[in-house]
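Chain residues, written in single-letter form:
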Amino acid sequence: AQLRRRLESELEDIRGAGTWKNERVIASRQGPHLRLAGGGAGAYGAAGRALGFFPRCDARGSLSVPAGILNFCANNYLGLSSHPEVIRAAVEALEKFGAGLSSVRFICGTQSIHKDLEEKIARFHQREDAILYASCFDANAGIFEALLTPEDAVLSDELNHASIIDGIRLCKANKYRYKHMDMQDLEAKLQDAQKHRLRLVATDGAFSMDGDIAPLREICHLAQKYDALVFIDECHATGFLGPNGRGTDELLGVMDKVTIINSTLGKALGGAAGGYTTGPKPLIDLLRQRSRPYLFSNSLPPAVVGCASKALDLLMESNAIAQSMAAKTQRFRSKMTAAGFTISGKDHPICPVMLGDARLAAVMAEDILNRGIYVIGFSYPVVPKGKARIRVQISAVHSDEDIDRCVEAFTEVGRKHGALP
Ligand code: PLP
């Protein structure tokens, strides 16, 4: 009873702080058009009054939204989550290789499809080798501890993803946090870190809250000057940034200068699950021996491997899907800018519509959802105070009409609430 009281009080604090996260229940496949479970009203359940994150519930926590909605808030950048060939590949892998391995990789859990996928990932990124994990969160949790010792240093962008921050926490290296994308600060920290044996600069390739892209050319230049290695997390870049969708390093022409890439199979690459590290062979060999989330967690299920493998085949055959997504991103960004909105970032399918005021972001997101378009408002503490926004994510499977409907809804709602003249 004491534990229950303590937990309930903690939950009440979360609600009171306006940071309660509701989970919407979807009754269809992931895609640009979703059907919510149970129709419109109450689709989120009565679990919480949404304040801040999901401000769409009434006082009792029930919702009133259309059952069929246009979805602009998944990381399904290339629309592969429900691609028929990806689904077929998963079914075939399930039939041929079973539901799962009931084992970690090194005991009895490596099948030919795991090795094939690792080889394909390395080829896609033009690296020597790759290692699979259950998630990119795990890949980030495993790498720093396996690679860095108290003699070494890691220099991390202050806005890096939580999984990088947690991974760094687990290692015993000396830790430096540089200001977000601030090259002067990084240089100062690199100078300070010269006393250590090895320096690793760690950054997201693309940052998911702002849709901004790390200045990798400058980072690699500094890394060369101060004899450091570069690590990038490419979860919001793999499959679609750069001329062939290889990622931020390809986009910025530094594929040969970035040493380590971690990324996910759970976003653009089919959206099922899984993550990986790709880089020099001895590093991958070391991770297989030392990385704890790899050593002590079950192998990726065959169906998941099948999805990712097919997604990579599709991307290596042609960059048409990535180009289609880029064109739609451009359409959305230019139409919204012409309408008078400020969109953060540049050329990235994460399009944060900057509104400043938290309440404005909340009521606008609610009103846009009432028009059947699903977008998410973010405010403090998820983003800094005064920088509230509605985040829109574009997918290759949005039609031009979908994009235009979204822009129209923003424009109408923006005028209604005074965000536009
Ligand atoms: N890194 C970044 C930048 C992410 O956005 C995410 C997921 O949100 C992760 C890592 C974790 O990826 P996964 O879902 O594969 O664990």
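Just so we're clear, the structure is a prediction, and the values are computed from it rather than from any experiment.

A. View of the pairing of strand S10 (residues 260-264). Where burial is concerned, most of S10 is hidden: five out of the five residues are buried. Two elements, S10 and strand S11 (residues 275-279), share four bridges in a ladder whose sense is antiparallel. Across the sheet, the residue bridging to Thr 264 is Gly 275, located in S11.

B. Structural detail: the pattern of salt bridges. Evaluation of the coordinates by the stated rule reveals 25 salt bridges. Glu 118 is paired through a salt bridge with Lys 115; the nearest N and O atoms lie 3.6 Å apart. Of the two residues, Glu 118 and Lys 115 both sit in helix H4 (residues 112-125), three residues apart, roughly one turn of that helix. Assessed through its relative accessible area of 1%, Glu 118 is described here as buried. The salt bridge partner of Glu 151 is Arg 197, with a shortest N-O separation of 3.7 Å. Linking Glu 151 in the loop between helix H5 (136-147) and strand S4 (153-157) with Arg 197 in the loop between helix H7 (183-192) and strand S6 (199-204), this pair joins segments that are 46 residues apart in sequence. We classify Glu 151 as partly exposed; its relative accessible area is 48%. With a relative accessible area of 47%, Arg 197 lands in the partly exposed category. Each of Arg 105, Lys 115, Glu 118 and Arg 288 takes part in a single network of salt bridges with overlapping partners.

Conventions used here
- Residues numbered from 1 in each chain as written.
- Predicted model: local features only at pLDDT ≥ 70, side-chain atom pairs only at ≥ 80, totals over all residues.
- Heavy atoms only, no water.
- Buried < 20%, exposed > 50% of the residue type's maximum accessible area, 1.4 Å probe, protein only.
- Helix = DSSP H or I, 4+ residues; strand = E, 2+ residues; numbered from the N terminus.
- Pairing = 2+ DSSP bridges.
- Salt bridge = Lys/Arg side-chain N within 4 Å of Asp/Glu carboxyl O.

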